[in-house]
Amino acid sequence: GDAGVLSGVGGFSGLYSMEHLGYGNLVLASGADGVGTKVIIAQKMDKHDTVGIDLVAMNVDDVVTSGARPLFFLDYIAGGKLTPGLVEQLVKGVVAGCQAVGCVLLGGETAQMPDLYGPGEYDLAGFCVGVADKSELIDGSMIKAGDVVVGLTSSGLHSNGYTLARKVFKEARWDLGRHVDEFGRTLGEELLEPTRTYAPLLLKIRDTLCLKGAAHITGGGLIENVPRVLPQGLKVAFDFSWEVPPV
């Protein structure tokens with residue numbers, strides 16, 4: 001492989017060392033992701049200004065697990081018929097997501113493919129590049145028995161498990177307009193709650209505490225994501241004492 005590829009570090013983002021090119025201890029971290037079937041909720045609700053926030057968050061929070069600071073973001077929007085109003089709403093969310101993490105929206109691409117997407121259908125993808133000094137990298141290798149795991153509260157389902165959620169609510173015959181007392185709003189509004197972006201807080205923790213590893217809890221949940229940063233022979237024990245959000 002290429003001399004710059006740093007393997008075996010976390011796995012949430014790809015790491016590339018610039019050292020062999022003469023750039024000292026500079027390391028680039030990158031990640032690519034989409035929003036999943038959360039876009040179906042946005043399309044059914046005809047509300048498109050928040051899924052861009054989700055798109056940025058899913059990418060940025062993968063990159064920041066390595067200890068890298070997100071630098072810039074690019075988005076890709078594909079759909080059947082992309083009206084200027086729709087694209088404006090989608091990009092508005094992307095801009096808001098970037099502003100929340102101090103990341104630059106460097107560019108993007110829109111593609112109209114009516115043969116692939118039906119009327120009103122679209123999908124989002126994007127990627128993020130971050131930077132770190134080699135000394136700032138967090139790879140989980142220093143984790144040892146007795147270390148404490150700290151969880152950060154989510155804002156809801158984020159952008160994961162929407163295929164299952166839609167199936168459950170369909171079988172329960174709940175439509176998106178149903179008002180749910182526990183949510184204090186409709187089901188559709190709850191399901192469109194933007195993904196919380198953890199990057200700014202994680203970088204603060206990196207700079208103030210001894211942070212040895214970080215896992216972004218996405219598809220696969222706690223069970224599959226946390227072990228990805230544990231050294232071989234170590235297990236994790238969760239104390240499930242926190243308050244579970246109603247959704």
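Located above this text is the structure these notes cover.
Every value quoted in this text rests on a predicted model; they were computed, and no experiment measured them. (Residues numbered from 1 in each chain as written. Predicted model: local features only at pLDDT ≥ 70, side-chain atom pairs only at ≥ 80, totals over all residues. Heavy atoms only, no water.)

Caption draft 1: Local environment of the packing of helix α2 (residues 51-64) against helix α3 (residues 84-101). In contact at an axis separation of 6 Å, α2 and α3 are set at 40 degrees when each is read in the N-to-C sense. One finds that α2 runs oblique with respect to α3. Between α2 and α3 lies a crossing whose hand is right-handed. Contacts from Val 51, Gly 52, Ile 53, Leu 55, Val 56 and Val 60 of α2 reach α3 at Leu 90, Gly 93, Val 94, Ala 96, Gly 97, Cys 98 and Val 101. The residue makeup of the contact of α2 with α3, split by class, is 10 nonpolar, three polar and no charged. (Axes fitted to C-alpha atoms, helices over the stretch in contact; angles between N-to-C directions. Helix = DSSP H or I, 4+ residues; strand = E, 2+ residues; numbered from the N terminus. Parallel < 35°, antiparallel > 145°, perpendicular 65-115°, else oblique. Left-handed = near helix turned anticlockwise from the far one by under 90°. Contact = heavy atoms within 4.5 Å. Nonpolar A, V, L, I, M, F, W, Y, C, P; charged D, E, K, R; others polar.)

Caption draft 2: Structural context of helix α6 (residues 199-208). For α6, every residue scored as buried is listed here: Ala 199, Leu 202, Leu 203 and Arg 206. Seen from one end, α6 has its buried residues packed into an arc of 100 degrees, which puts them on one side. Away from its buried face, by an angle of more than 90 degrees, α6 presents the exposed residues Lys 204 and Thr 208. Along its buried surface, α6 packs onto α2, β4 (69-79) and α3. (Buried < 20%, exposed > 50% of the residue type's maximum accessible area, 1.4 Å probe, protein only. Arc of directions from axis to C-beta.)

Caption draft 3: Representation of the environment of Lys 44 within the structure. On the secondary structure map, Lys 44 appears in helix α1 (residues 38-45). Residue classification places Lys 44 among the exposed positions, given a relative accessible area of 63%.

Caption draft 4: Representation of the pattern of salt bridges. This structure, assessed with the given rule, holds nine salt bridges. Salt-bridge contacts for Lys 134 lead to Glu 19; the nearest nitrogen and oxygen are separated by 3.1 Å. One end of the pair, Lys 134, is in the loop between β6 (122-133) and α4 (162-171); the other, Glu 19, is in the loop between β2 (14-17) and β3 (26-34), with 115 residues separating them in the sequence. Taking relative accessible area as the criterion, Lys 134 reaches 35% and is therefore assigned partly exposed. On the basis of relative accessibility, which here comes to 40%, the residue Glu 19 falls in the partly exposed class. Salt-bridge contacts for Asp 147 lead to Lys 212; the nearest nitrogen and oxygen are separated by 3.0 Å. In this pair, Asp 147 is assigned in the loop between β6 and α4 and Lys 212 in the loop between α6 and α7 (221-225), connecting sequence segments 65 residues apart. Residue class for Lys 212 comes out buried when judged on its relative accessible area of 18%. If you follow the salt bridges from partner to partner, you end up with Glu 136, Arg 206 and Asp 207 in one network. (Salt bridge = Lys/Arg side-chain N within 4 Å of Asp/Glu carboxyl O.)

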